[in-house]
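# Working through the structure, step by step
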Amino acid sequence: MEIWINPACSKCRSAVDLLDAEGAEYTVRRYLEDVPSEDEIRAVLERLGLEPWDITRTGEAVAKELGIADWPRDAASRDRWVAALSEHPKLIQRPIITADDGSAVVGRSEEAVREALGRG
């Protein structure tokens, strides 16, 4: 299991605390420092069953600068979104937990983190 975190994020800290309390084995990826490649983002999206706009933090200043709110949300624009997430990792919703069974969740709630724990 791996968790993508921003240590300054309270949701990330809560997720890590819950994983620790449950004795889970996991690795931490500080994705703002160890930025995921476009291929890694595509792989995580596939595991999540989501599109890039589903995990984009549109309220971030850089999202406003890029005008992301006006970008089309369609297959033809998917690569543009993925590239933006890789170039500006602050836009990636957090925390993302990848489970050993090949699935992933956005662990913003205790329920989501527990779902990931159940998958190993």
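## Focus: the pairing of strand β2 (residues 27-30)
Here four bridges tie strand β1 (residues 2-5) to β2, and the two strands are oriented parallel to one another. What sits directly across from tryptophan 4, in β2, is arginine 29. Traced from β1 through helix α1 (residues 10-21) to β2, the parallel crossover comes out right-handed.

## What to know about the side chain of glutamine 93
If you trace the backbone, glutamine 93 turns up in the loop between α4 (78-87) and β3 (96-98). Taking relative accessible area as the criterion, glutamine 93 reaches 17% and is therefore assigned buried. Excluding its chain neighbours within four sequence positions, the residues that come into contact with glutamine 93 are Ile55, Arg57, Val106 and Arg108.

## Some words on the sheet that holds β2
Across the sheet, four strands lie side by side as β2-β1-β3-β4; this open sheet has mixed pairing. In this open sheet, the two strands that pair with only one neighbour each are β2 and β4 (104-106). Geometrically, the sheet is characterised by an average inter-axis angle of 20 degrees between neighbouring strands, direction not taken into account. Here β1 runs beside β3; their pairing, made up of three bridges, is antiparallel. Bridge pairing in β3 links glutamate 2 to threonine 98. This element, helix α5 (residues 110-119), spans β3 and β4 of the sheet and lies at about 170 degrees to β4.

Thresholds, definitions, all that
Residues numbered from 1 in each chain as written. Predicted model: local features only at pLDDT ≥ 70, side-chain atom pairs only at ≥ 80, totals over all residues. Heavy atoms only, no water. Pairing = 2+ DSSP bridges. Helix = DSSP H or I, 4+ residues; strand = E, 2+ residues; numbered from the N terminus. Right-handed = clockwise from strand over helix to strand, strands pointing away. Buried < 20%, exposed > 50% of the residue type's maximum accessible area, 1.4 Å probe, protein only. Contact = heavy atoms within 4.5 Å. Axes fitted to C-alpha atoms, helices over the stretch in contact; angles between N-to-C directions.

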